[in-house]
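# Coordinate inspection notes
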Amino acid sequence: MRSRRPSQRPAAGPAPRPEPWRVWGPVSLGLGLLALSACGSTEPAPPPPPCPTALLLEGAERTTAYRAGAELRASDIRYLAVLRDLTSACRYYSGGDGAGVDVDLNFNLIAERGPALAGSEDLTYFIATMGPDGRILAKEILREDLTFAEGEDRIGWSEEVTLRLPSVTPDAGGGYTLYLGFQLDDAELARRQQSSVR
């Protein structure tokens with residue numbers, strides 16, 4: 001004989017009140033997220049101060065070296081070279097060494113052997129600094145040894161140069177310009193002037 005236990009139901013009366021954490025838990029969580037959002041909403045960082053502009057000097061970014069005293073014939077070319085892919089970045093500094101800006105230049109040098117090349121050559125280029133008033137303030141000359149291995153007709157490499165401009169403040173840095181180009185000899189300048197007249 002199976003016995004059945006009667007179900008025990010609570011006596012009639014007012015509905016039980018929910019425990020406090022059940023009511024305030026979601027509300028507290030929502031307020032916490034709002035507070036977190038408020039704490040994280042900071043002002044955007046100010047943009048960095050402008051750097052001096054770095055440019056390849058038009059017309060001086062490439063050079064063709066001929067054999068001394070030769071005519072402008074392809075058979076008299078010693079080498080051809082080009083500067084390209086110039087990029088720059090800067091860092092303003094202040095302290096015991098004073099104040100100013102360091103400008104990092106990165107660029108590529110590419111050279112091709114000419115029929116009249118004999119041995120190594122000196123590849124000379126410059127970096128000129130122009131102030132906000134358009135005057136050339138400084139000019140730095142740099143030299144690279146140009147040597148082709150046997151059977152090599154074209155070479156290329158990357159250069160990194162850091163130029164320090166003292167007394168240039170973040171407020172004024174954007175007004176300066178750095179020009180990169182090849183140092184042209186008198187013979188090449190004369191050839192270019194003749195070509196421009198024609």
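Bear in mind that the values here come from a model prediction, so they are computed numbers and not experimental data.

## Describing the sheet that holds strand S6 (residues 136-146)
Strand order across the open sheet formed by four strands is S1-S8-S5-S6, with mixed pairing between neighbours. The open sheet has two edge strands, strand S1 (53-56) and S6, and neither has a second partner. The sheet shows a mean angle of 20 degrees between the axes of neighbouring strands, direction not considered. Across four bridges, S1 lies against strand S8 (residues 177-182) in parallel orientation. In the strand pairing of S8, Leu55 is matched with Tyr179.

## Notes on the packing of aromatic side chains
Across all of its chains, the model carries one aromatic pair by this definition. Relative to Tyr125, the ring of Phe107 has its centre 5.6 Å away and its plane inclined at 80 degrees; by these criteria the two rings are edge-to-face. Of this pair, Phe107 sits in strand S4 (residues 98-113) while Tyr125 sits in strand S5 (residues 121-130), and the two are 18 residues apart along the sequence. One cation-aromatic arrangement involves Lys139 over Phe126; the distance from NZ or CZ to the ring centre is 4.7 Å. Cation over ring: Arg164 sits above Tyr93, and NZ or CZ is 3.9 Å from the ring centre.

## Things to note about the sheet that holds strand S7 (residues 154-166)
Spatially, S2-S3-S4-S7 is the arrangement adopted by the four strands of the open sheet, whose pairing is antiparallel. The open sheet has two edge strands, strand S2 (62-66) and S7, and neither has a second partner. Averaged over all neighbouring strand pairs, the angle between strand axes comes to 25 degrees, with direction disregarded. Relative to S4, strand S3 (residues 77-95) runs antiparallel, the two sharing 15 bridges. The residue of S4 that forms the bridge with Ser88 is Leu105.

## Quick look at unusual backbone geometry
A positive phi angle is found at Asp85, which is not glycine, with a value near 60 degrees. Judged by relative accessible area, Asp85 falls into the partly exposed class, the value being 43%. Phi is positive for Ser167, which is not a glycine, with a value near 70 degrees. Relative to the elements of secondary structure, Ser167 occurs in the loop between S7 and S8. Residue classification places Ser167 among the exposed positions, given a relative accessible area of 62%.

## Focus on the side chain of Glu61
Assignment of secondary structure puts Glu61 in the loop between S1 and S2. Within the local environment of Glu61, its side chain forms a polar contact with the backbone nitrogen of Gly59, the two atoms lying 2.7 Å apart. Apart from the residues lying within four places of it in its own chain, the contact partners of Glu61 are Leu56, Ala81, Val82, Leu83 and Phe182.

## Side note on the pattern of salt bridges
Within the structure shown, the criterion is met by eleven salt bridges. A salt bridge links Arg154 to Glu112; the shortest N-O distance between them is 2.7 Å. With Arg154 in strand S7 and Glu112 in strand S4, this residue pair connects regions lying 42 residues apart in the sequence. Note on Arg154: relative accessible area 48%, which makes it partly exposed. A salt bridge links Arg135 to Asp133, with the shortest nitrogen-to-oxygen separation between them at 2.7 Å.

Conventions and cut-offs
- Residues numbered from 1 in each chain as written.
- Predicted model: local features only at pLDDT ≥ 70, side-chain atom pairs only at ≥ 80, totals over all residues.
- Heavy atoms only, no water.
- Pairing = 2+ DSSP bridges.
- Helix = DSSP H or I, 4+ residues; strand = E, 2+ residues; numbered from the N terminus.
- Axes fitted to C-alpha atoms, helices over the stretch in contact; angles between N-to-C directions.
- Phe/Tyr/Trp six-rings, centres within 6.5 Å; stacked < 30°, edge-to-face > 60°.
- Lys NZ or Arg CZ within 6 Å of the ring centre and 35° of its normal.
- Buried < 20%, exposed > 50% of the residue type's maximum accessible area, 1.4 Å probe, protein only.
- Polar contact = N/O pair within 3.5 Å; in protein donor to acceptor, adjacent residues only side chain to side chain.
- Contact = heavy atoms within 4.5 Å.
- Salt bridge = Lys/Arg side-chain N within 4 Å of Asp/Glu carboxyl O.

In short, geometric facts, not functional conclusions.
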